[in-house]
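Observations on the model geometry
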Amino acid sequence: MSSLTDDLQTIQSQSLQEVERIISLEELETLRLKFLGRKDGLLTKVLQALPTLSPAERKDVGRQANEVKKALETALENRRQAIEDAQIAQSLAKESIDLTLPGTPVLRGKLHPLTQVLEEIVSVFTRLGFNLAEGPEVETDDNNFTALNHPPDHPARDAHDTFYLKDLKDESGLPLLLRTHTSPVQIRYMRTHQPPLYIVAPGRVFRHEAVDATHSFVFHQVEGLAVDKDISMADLKGMLTLFAQHLFGPGAEIRFRPSYFPFVEPGIEVDISCTLCGGKGCRVCKQSGWLEMLGAGLVNPNVFRAVGYDPRKVTGYAFGIGVERVAMFKYGVDDMRLFFDNDIRFLQQF
Ligand code: PHE
């Protein structure tokens with residue numbers, strides 16, 4: 001018998017043994033090339049030598065070679081299947097779901113603390129019969145200042161470091177500005193409504209200030225305005241006492257301190273008793289027992305004239321509440337910047 005028969009036997013036993021030891025698809029391909037590769041495959045070479053044999057030999061060796069080839073191909077295929085199955089089993093084991101693990105908590109959205117406080121302040125007054133009014137953040141010089149009894153050369157304008165929008169002018173050629181307070185909503189409302197009127201106007205206001213623990217270039221106010229017959233300081237005091245007690249509890253007290261705002265006369269600043277320490281004095285109220293919370297007063301007759309009301313027929317009060325101040329006090333937060341940083345760890349607490 002030809003030596004090819006021996007070769008084929010060797011090839012068969014050797015290749016089938018090697019297949020069994022293979023553990024990766026790359027090795028499997030290397031092995032396939034070693035025996036079945038088109039050019040240099042060991043088995044391929046035997047097949048290529050067939051034409052040199054006598055017809056009788058060729059038949060036997062040819063049959064044997066085809067059997068070896070089939071056996072090897074089947075072994076390779078089985079091995080490939082086994083390796084792939086093992087890989088799948090392995091990754092399934094790794095990715096398996098442990099149903100006993102705690103779930104990923106879903107964070108529930110909620111309103112920003114400033115929005116909560118702002119809505120709470122507004123609701124105190126709307127429940128008492130005040131209407132909600134709103135105005136734009138970009139205002140005219142007249143609405144923000146002149147009609148509020150701050151003529152162009154009035155020194156009180158200095159108290160408001162104003163952002164002017166140089167390139168945007170109003171009808172009289174004056175630059176528009178970012179409102180420095182919510183008081184211009186008083187003007188807008190009075191120019192479009194007749195007394196009696198009771199409104200609250202919440203909103204954002206802007207001042208060109210350096211940011212620190214108690215100052216920001218953008219903050220919130222809730223404006224209040226009441227215009228009717230015979231409105232007096234006593235009405236203002238009664239209303240603000242109710243406000244303080246709604247927000248800080250039935251024991252809250254208020255006190256008036258004389259102050260100056262061009263659009264009210266007399267003008268006052270209003271303090272609320274510190275409910276954190278019960279008025280004894282603490283860090284938050286700086287040992288005074290009182291917290292400065294808003295500006296207020298009786299509407300200056302010049303403001304009524306500017307909107308076309310007759311100051312002999314109506315009187316009114318106005319107040320402007322600093323929302324950040326209220327929120328800081330209510331929650332014992334000592335740095336206003338925390339409200340604007342939007343750190344979820346801070347916001348989650350409200
Ligand atoms: N607009 C004033 C300010 O921002 C506050 C205020 C409002 C004072 C209403 C009196 C009456 O400084």
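Residues numbered from 1 in each chain as written. Predicted model: local features only at pLDDT ≥ 70, side-chain atom pairs only at ≥ 80, totals over all residues. Heavy atoms only, no water.

**A word on the nonpolar core**
Test applied: Within this scheme, the nonpolar core is defined by two criteria: the residues are buried Ala, Val, Leu, Ile, Met, Phe, Trp, Tyr or Cys, and they are joined through side-chain atoms within 4.5 Å. Relative accessibility decides the category of a residue: with a 1.4 Å probe and only protein chains considered, values under 20% of the type maximum give buried, values over 50% give exposed, and everything between is partly exposed. Two residues form a contact once any of their heavy atoms are found within 4.5 Å.
Counting 47 residues, the largest nonpolar core has Ile-121, Phe-125, Phe-243, Leu-294, Tyr-317, Phe-319 and Ile-321 as the members making the most contacts within it. Other than its neighbours up to four places away in sequence, Ile-321 contacts Ile-121, Phe-125, His-220, Gln-221, Val-222, Phe-243, Met-293, Leu-294 and Val-326. Core analysis: the next-biggest nonpolar cluster, separate from the first, contains 21 residues, Ala-133, Ala-147, Ile-199 and Phe-304 among them.

**Quick word on the packing of aromatic side chains**
How two aromatic rings sit relative to each other is set out by the distance from centre to centre and by the angle between their planes. Defined as follows: Between 30 and 60 degrees the pair is tilted, below 30 it is stacked and above 60 it is edge-to-face, where a pair is any two Phe, Tyr or Trp rings, Trp via its six-membered ring, whose centres lie within 6.5 Å.
Throughout the structure, instances matching the rule amount to 11 aromatic pairs. Ring geometry for Phe-304 and Tyr-309: centres 5.9 Å apart, planes at 25 degrees, overall stacked. Given the relative accessible area of 1%, Phe-304 is considered buried. Overall, the relative accessible area of 5% leaves Tyr-309 in the buried class. A network of ring pairs unites the aromatic residues Phe-125, Phe-130, Tyr-198, Phe-243, Tyr-317 and Phe-319 as a single cluster.

**Some details on the environment of Ala-89**
As a reminder of what qualifies: Under the DSSP-based scheme used, a helix requires at least four consecutive residues in state H or I and a strand at least two consecutive residues in state E, with every element numbered from the N terminus.
Of note, Ala-89 is situated in helix α4 (residues 55-95). Note: C-alpha distance between Ala-89 and Asp-40 (49 residues apart in sequence) is 35 Å.

**A short note on helix α8 (residues 233-248)**
To keep things clear, this is the line we draw: Take the number of residues in a helix, subtract one, and multiply by 1.5 Å to get its expected span. This arc is taken over the directions from the axis of the helix to the C-beta atoms. What qualifies as a polar contact is a pair of N or O atoms within 3.5 Å, subject to a donor-acceptor requirement within protein and to the restriction that residues adjacent in sequence count only when both atoms come from side chains.
If you check α8, its first and last C-alpha atoms are 22 Å apart, about what 16 residues at 1.5 Å a residue would give, namely 22 Å. Among all positions of α8, only Leu-236, Met-239, Leu-240, Phe-243, Ala-244, Leu-247 and Phe-248 are buried. Down the axis, α8 shows its buried residues gathered within 140 degrees of arc, on one side only. Packing partners of the buried residues in α8 comprise α5 (113-127), β7 (254-259), β8 (264-273), β9 (290-299), β10 (315-322) and α10 (323-331). The residue sitting at the N-terminus of α8 and contributing the capping side-chain oxygen is Ser-232; that oxygen lies 3.1 Å from the backbone nitrogen of Ala-234. Gly-249 sits one or two residues past α8 and shows a positive phi near 105 degrees.

**Quick look at α4**
The first and last C-alpha atoms of α4 sit 59 Å apart over 41 residues, in line with the 60 Å expected at 1.5 Å per residue. Listed as buried for α4 are Val-61, Gly-62, Gln-64, Ala-65, Val-68, Leu-72, Ala-75, Leu-76 and Ile-83. Structurally, α4 contributes buried residues whose contacts are with α1 (3-21), α2 (25-36) and α3 (42-49).

**A few points about the sheet that holds strand β3 (residues 164-169)**
Note the cut-off: Being paired, for any two strands, means DSSP has found at least two bridges between them.
Ordered by their spatial adjacency, 3 strands build an open sheet running β2-β4-β3, and the pairing between neighbours is antiparallel. Either end of the sheet is taken by a strand with one partner, and the two such strands are β2 (138-139) and β3. Sheet analysis places β3 next to strand β4 (residues 175-178), joined by 3 bridges and oriented antiparallel. Looking at the pairing, Tyr-164 lines up with Leu-177 of β4.

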